[in-house]
Amino acid sequence: MEPLINAPLIKAEDIRKYFPVKKGVFGKDLTLKAVDGVSLEVAENSVVGVVGESGSGKSTLARIITALDRPTSGNVLFRGKNVFGLSRQEMLKFRRAVQIIFQDPFASLNPRATVFETIAEPIKIHRLGGNGKKDIEEKVAGLLSDVGLGPEILRRYPHEFSGGQRQRICIARALAVSPRLVIADEPLSALDVSIQAQILNILSGLKKRDRLSFVFISHDLRVVEYLSDVVAVMYLGKIVEKSEAEGLFGNPLHPYTIGLFASAPSIKMNGATEEIERRNETPAGDIPSPIDIPPGCPFHPRCPRRFAPCDKIAPELAQPAGRPGRLVSCHLWNPY
């Protein structure tokens, strides 16, 4: 799979993922729209942050980008080629180039496999181990060193480690095949704050050293701001705002994005004390079910700025006038 000139590393085109749902024994067939028309590009050596509440479709999108699930419609292009049309040999190369780090490090590790066996397995599958077991052990030890762990843990099992140590092992496993793109699906949500900072520093250092690209999925705006070059905000299976990170964090436009900022406490230093501030535009209520998406703008039942067309006409994701590089799905910015 040779790269195309000026092509993004990976490109998701109008991805939709629908699940049929039956309501009750004799119930009506319904459709759960987990992802509903999402397009996303990731350039070489860049980080795209995907942020939104639980139920926004972020993890489903991650599984489609990594070809763990097939979309109902739409394409994923890796270096210009449709991932779902690859030959077996090409798919093996894709699996090496695109790796994923899951949310729960304990669930994503085989409890019966040692650390060495866990990290060595992809090396063996892709035949990257050199001339024998000693070469593989040296490679695994080097990968553990990259994530701040020592070779003394090689023969130990997942249950012997803390959550932060397990996630480091998962990162080492993802790096074992020298990928070009890593999908990190809420990799910090199961960890405490101090460990989150350590993992963030590891990922940031690896990006710079190995020129890796990331899709970093999180509900935590602080994490997304720290790592991302571009940010896409998802709500009920759709992207509602997309921008370079500096522009979005400096001036969010969509009421939902503003609400996410309002929901995340910020720390303001005041002499020797810390005051937690909140803005007054936190979204009311909970995210609706993707089985029963509201008509018009899906965010309108929770939106503090809704007006006449919001409950009837769905806004397009488009560039507001005078805002180059920004895409927003809101009637406030793109009158119908």
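Here's a quick rundown of the structure. Just so it is clear, the structure is predicted and the values come from calculations on it, not from any experiment.

Take the nonpolar core next. Membership of the largest hydrophobic core comes to 38 residues, with the highest contact counts inside it found for Ile119, Val140, Leu144, Ile171 and Phe216. Counting residues per element, the ones that place at least two in this core are helix H3 (115–125), helix H4 (133–146), helix H5 (163–175), strand E7 (181–185), helix H6 (193–210), strand E8 (213–218) and helix H7 (221–227). The element contributing the most residues to this core is H5, with six residues. Non-local contacts of Ile171, meaning those with residues more than four positions away in its chain, are made with Ile101, Val147, Ile199, Leu203 and Leu206. Grouped together as the second largest cluster of nonpolar side chains are 32 residues, Phe94, Val98, Ile100 and Val215 included.

Further remarks concern the pattern of salt bridges. Following the criterion strictly, the structure yields 16 salt bridges and no others. With a shortest N-O distance of 2.9 Å, Glu90 and Lys81 are connected by a salt bridge. Salt bridges here are not isolated pairs; linked through shared partners, they connect Asp14, Arg16, Asp36 and Lys238.

This paragraph deals with the sheet that holds strand E4 (residues 73–78). Backbone hydrogen bonds hold the strands of a sheet together, and the pairing may be parallel or antiparallel. A sheet is described by the order of its strands in space; here four strands give the open sequence E2-E1-E4-E5, paired in antiparallel fashion. Strands at the two margins of the open sheet, each flanked by one partner only, are strand E2 (29–42) and strand E5 (81–82). Lying on the sheet, helix H1 (residues 58–65) is in contact with strand E1 (10–22), E2 and E4; it crosses E2 at an angle near 65°.

The next point concerns the sheet that holds strand E3 (residues 47–51). Here seven strands make up an open sheet; going across it, the order is E6-E7-E8-E3-E9-E10-E13 and the pairing mixed. Two strands lie at the open edges of the sheet, namely strand E6 (98–101) and strand E13 (327–328), each paired on one side alone. Taken strand by strand, H6 contacts E3, E6 and E8, and its axis lies near 155° from that of E8.

Conventions we followed
Residues numbered from 1 in each chain as written. Predicted model: local features only at pLDDT ≥ 70, side-chain atom pairs only at ≥ 80, totals over all residues. Heavy atoms only, no water. Core = buried A, V, L, I, M, F, W, Y, C linked by side-chain atoms within 4.5 Å. Buried < 20%, exposed > 50% of the residue type's maximum accessible area, 1.4 Å probe, protein only. Helix = DSSP H or I, 4+ residues; strand = E, 2+ residues; numbered from the N terminus. Contact = heavy atoms within 4.5 Å. Salt bridge = Lys/Arg side-chain N within 4 Å of Asp/Glu carboxyl O. Pairing = 2+ DSSP bridges. Axes fitted to C-alpha atoms, helices over the stretch in contact; angles between N-to-C directions.

Distances and angles like these do not, on their own, reveal function.
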